[in-house]
Amino acid sequence: MSISDRPLSPHLQVYRLPLVALLSIVHRMTGVALVGGSVLLAVWLGAAAFGAPAFAMASALLASPLGKLVLFGFTVAYYYHLLNGIRHLFWDVGLGLDLVVARASGRLVMAATVVLTILTWAVGLSL
Amino acid sequence: MSLRTSLGRARGSGAAKDGSEHWWQQRVTAVALVPLSVWFLASVVSLSGANLEQFRAWLAVPCNTALAIFFLLVVFHHGQLGMQVVIEDYVHNRAVKLAGIIGVKLLAAWFAIFSVVAVLRAAFVGA
């Protein structure tokens, strides 16, 4: 067996990521997704600046089923990145680094993301 | 491939001097985005279904104009800092890496300027 054939550890194809590692990579993925959301936001503001027809078209696109699905996805990504970002800020000042606490705060982030996303859409759709 | 150690090659080159600055900017923008993004999302949700006139009236309130511009500048700066780290971590070709980082920074600057201009136009210039 040559050196290059040896398995690496942790090898991503055979290694089941622990919860905290999974949450870490999801933080990065939601961050990249939200950059796309920011570009969409700039386009939406641009539509408002271009005038009523452009704004009406943008609003209709966002209110369509596909538009709603995209916005729902950005809502999930936003709340996850916000809450997990706050978790990171606690770590930055040295709090909650214990593995038991890190797992618990990770579960709290996931649960709060679901609750806040549902609440936001319940309020938004009722208006 | 050089037989010199990494330390031997780095010695005498001086410190990079910009790593901690990037880290601090990411944290400060993250802290700012906690209230700013919550305010923005709450505003957008409360404006769901609004027509252009209602949206412009909301945007023209001085505090809203200022907060929206502040939010947009911080968002694109934070996003650009994060994308830089993602490119640095996953792109290993030096030329592609440099081109990617420069591209991300210029695009972020353009989208930030575009969205600020859009906010000002939508708020203050009639259709």
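Bear in mind that the values here come from a model prediction, so they are computed numbers and not experimental data.

(A) View of the overall build of chain A. Scanning chain A for helices and strands turns up 4 helices and 0 strands. Counting from the amino terminus, chain A carries its helices and strands in the arrangement α-α-α-α. Taking 14 Å as the expected radius of gyration for a compact globule of 127 residues, we find that chain A reaches 20 Å, considerably beyond that expectation. Overall size of chain A, expressed as C-alpha extent along the three principal axes, is 65 × 40 × 25 Å. Counting every position in chain A, which comprises 127 residues, the buried fraction comes to 24%. Residue pairs in contact within chain A that sit at least 24 positions apart in sequence constitute 74% of those at least 6 positions apart.

(B) Just the nonpolar core, in detail. The biggest cluster of nonpolar side chains holds 24 residues, and the ones touching the most others in it are Leu45 and Ala48 of chain A together with Leu72, Phe76, Ala118, Val119 and Ala122 of chain B. Mapped by element, the contributors of at least two residues to this core are α1 (19-50) and α2 (52-63) of chain A together with α2 (19-46), α4 (62-90) and α5 (94-124) of chain B. Residue contributions to this core peak at 7 residues, all from α5 of chain B. Leave out the neighbours within four places in its chain, and alanine 122 of chain B touches Leu45, Ala48 and Ala49 of chain A together with Arg56 and Leu59 of chain B. Grouped together as the second largest cluster of nonpolar side chains are 11 residues, Tyr79, Tyr80 and Leu82 of chain A together with Met83 of chain B included.

(C) Molecular detail of helix α4 (residues 99-126) of chain A. Residues and elements named next belong to chain A. Over its 28 residues, α4 extends 41 Å from the first C-alpha to the last, a length consistent with the 40 Å expected when each residue adds 1.5 Å. Taken together, the buried positions of α4 are Ser105, Gly106, Val109 and Thr113. Close packing links the buried residues of α4 with α1 and α3 (65-92).

(D) Examining the interface of chain A and chain B more closely. Residue-level contacts link 26 residues of chain A with 26 residues of chain B. Residue assignment for the side of chain A that touches chain B shows that the elements contributing at least two residues are α1, α2, α3 and α4 of chain A. Per element, the largest residue contribution to the side of chain A that touches chain B is 13 residues, and it comes from α1 of chain A. Looking at the side of chain A that touches chain B residue by residue, the classes come out as 17 nonpolar, 7 polar and 2 charged.

(E) Spatial organisation of the packing of helix α3 (residues 52-60) of chain B against α4 of chain B. All names here are of chain B. It is the contact of α3 with α4, at a shortest axis distance of 5 Å, that shows an interaxial angle of 85°. One way to sum up the angle between α3 and α4 is to call them roughly perpendicular. Residues Trp58, Leu59 and Ala60 of α3 touch α4, and the partners they reach there are Asn64, Thr65 and Ala68. Considered class by class, the residues forming the contact of α3 with α4 number 4 nonpolar, 2 polar and no charged.

(F) Broad picture of the packing of α2 of chain B against α4 of chain B. Residue and element names in this part refer to chain B. Two elements in contact, α2 and α4, have axes whose closest approach is 9 Å; the angle formed by their N-to-C orientations is 140°. The angle between α2 and α4 places the two elements in the oblique class. Pair α2 / α4 crosses with left-handed handedness. Along the contact surface, α2 presents His22, Gln25, Gln26, Thr29, Ala30, Ala32, Leu33, Leu36, Ser37, Trp39 and Phe40, while α4 presents Leu67, Phe70, Phe71, Val74, Val75, His77, His78 and Leu81. Residue classes in the contact of α2 with α4 are distributed as 12 nonpolar, 7 polar and no charged.

(G) Spatial organisation of the confidence of the model for chain A. The pLDDT averaged across chain A works out to 92; a share of 93% of its residues lies at or above 70. Within chain A, the element-level pLDDT minimum falls on α2 of chain A, averaging 93, and the maximum on α3 of chain A, averaging 97.

(H) Layout of the environment of phenylalanine 114 of chain B. For phenylalanine 114 of chain B, the position within the fold is in helix α5. Beyond its immediate sequence surroundings of up to four residues, phenylalanine 114 of chain B is in contact with Ala42 and Gly46 of chain A.

(I) Local environment of the confidence of the model for chain B. Predicted confidence across chain B gives a mean pLDDT of 92, with 97% of residues reaching 70 or more. Interface predicted TM-score (ipTM) for the complex: 0.88; the corresponding pTM is 0.88.

About the cut-offs
Residues numbered from 1 in each chain as written. Chains lettered and ligands numbered in written order. Predicted model: local features only at pLDDT ≥ 70, side-chain atom pairs only at ≥ 80, totals over all residues. Helix = DSSP H or I, 4+ residues; strand = E, 2+ residues; numbered from the N terminus. Rg over C-alpha atoms; globule rule 2.2 N^0.38 Å. Buried ≥ 20, exposed ≤ 12 C-beta atoms within 10 Å, placed from the backbone. Contact = placed C-beta atoms within 7 Å. Core = buried A, V, L, I, M, F, W, Y, C linked by C-beta atoms within 7 Å. Expected span 1.5 Å × (residues − 1). Nonpolar A, V, L, I, M, F, W, Y, C, P; charged D, E, K, R; others polar. Axes fitted to C-alpha atoms, helices over the stretch in contact; angles between N-to-C directions. Parallel < 35°, antiparallel > 145°, perpendicular 65-115°, else oblique. Left-handed = near helix turned anticlockwise from the far one by under 90°. pLDDT = per-residue confidence, 0-100.

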